[in-house]
Amino acid sequence: MHELLRSIEAAMRAYFGSDQRRIDHALRVAGFAEEILKSEKGDRLVVIATAILHDIGIREAERKFASSAGNLQEQEGPPVAREILTGLGLAEAVIDEVCEIIGSHHSPGEVDTDNFRIIWDADWLVNLGDEFDLTDSDKTRGMIAKIFQTVTGKGLAERIYL
Ligand SMILES: [Fe+2]
């Protein structure tokens with residue numbers, strides 16, 4: 001793994017501390033993002049850094065608003081991510097793009113880039129299995145068709161959940 005990505009993962013683990021559920025979620029999303037990157041084009045540093053940090057705003061959202069609502073995570077995540085990434089010496093352009101995606105990661109259409117689509121699909125590959133009842137395969141098929149934005153993400157979802 002890229003040296004910087006290892007450092008970002010360590011920073012995310014330190015930030016979430018004993019919240020193993022959040023750490024696991026971030027790492028599972030990063031794993032799916034790696035998988036998607038094998039056949040979709042995207043910038044690996046931007047994509048994996050974003051995957052690791054995409055939900056980093058949740059702690060501030062819960063602390064300030066006692067809520068983990070998607071829009072609050074989008075609002076609170078970028079400043080935390082920026083601080084972590086600046087501390088690790090990442091290039092400004094990379095930090096800006098990571099923060100832009102984190103700030104819209106529940107809002108499809110706001111950021112129209114390949115990197116965004118990979119994050120979107122990787123997060124959904126985890127959340128579909130964790131948060132939805134997938135016993136009705138016709139319904140699941142319909143959801144997959146509607147949600148996924150890359151051919152690879154859609155293919156993975158069909159393979160895993162149908
Ligand atoms: Fe997520």
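Preceding block: the structure.
Criteria and thresholds
- Residues numbered from 1 in each chain as written.
- Predicted model: local features only at pLDDT ≥ 70, side-chain atom pairs only at ≥ 80, totals over all residues.
- Heavy atoms only, no water.
- 1 Å grid on protein atoms, 1.4 Å probe; cavity = no way out; pocket = protein on both sides within 12 Å on 5 of 7 lines; lining within 4 Å.
- Points joined across faces, edges and corners; volume = space filled by probe spheres on them.
- Helix = DSSP H or I, 4+ residues; strand = E, 2+ residues; numbered from the N terminus.
- Nonpolar A, V, L, I, M, F, W, Y, C, P; charged D, E, K, R; others polar.
- Axes fitted to C-alpha atoms, helices over the stretch in contact; angles between N-to-C directions.
- Parallel < 35°, antiparallel > 145°, perpendicular 65-115°, else oblique.
- Left-handed = near helix turned anticlockwise from the far one by under 90°.
- Contact = heavy atoms within 4.5 Å.
- Salt bridge = Lys/Arg side-chain N within 4 Å of Asp/Glu carboxyl O.
- Buried < 20%, exposed > 50% of the residue type's maximum accessible area, 1.4 Å probe, protein only.

Caption draft 1: Structural view of the layout of surface pockets. Space inside the largest pocket adds up to approximately 280 Å³. R22, H25, D55, N127 and E131 are the residues nearest the centre of the largest pocket, which is lined by 16 residues in total. Elements represented by at least two residues in the lining of the largest pocket include exactly α2 (20-37), α5 (70-87) and α7 (114-131). The greatest single-element share of the lining of the largest pocket, amounting to five residues, is contributed by α2. A breakdown of the residues in the lining of the largest pocket according to their chemical character gives two nonpolar, six polar and eight charged.

Caption draft 2: Focus on the packing of helix α1 (residues 3-16) against α2. For the pair α1 and α2, interaxial distance at closest approach is 9 Å and the crossing angle is 155°. In terms of axis orientation, α1 runs roughly antiparallel to α2. Viewed along their axes, α1 and α2 form a crossing whose handedness is right-handed. Where α1 approaches α2, its residues E9, M12, R13 and F16 are matched on the opposing element by R22, I23, A26 and L27. Split by residue class, the contact of α1 with α2 holds five nonpolar, no polar and three charged.

Caption draft 3: Structural detail: the pattern of salt bridges. Enumeration over the complete set of coordinates arrives at 14 salt bridges. Linking K41 and D114 is a salt bridge whose minimum nitrogen-to-oxygen distance equals 3.0 Å. In this pair, K41 sits in the loop between α2 and α3 (44-53) while D114 sits in helix α7, placing the two residues 73 residues apart along the sequence. Since its relative accessible area comes to 64%, K41 is described here as exposed.

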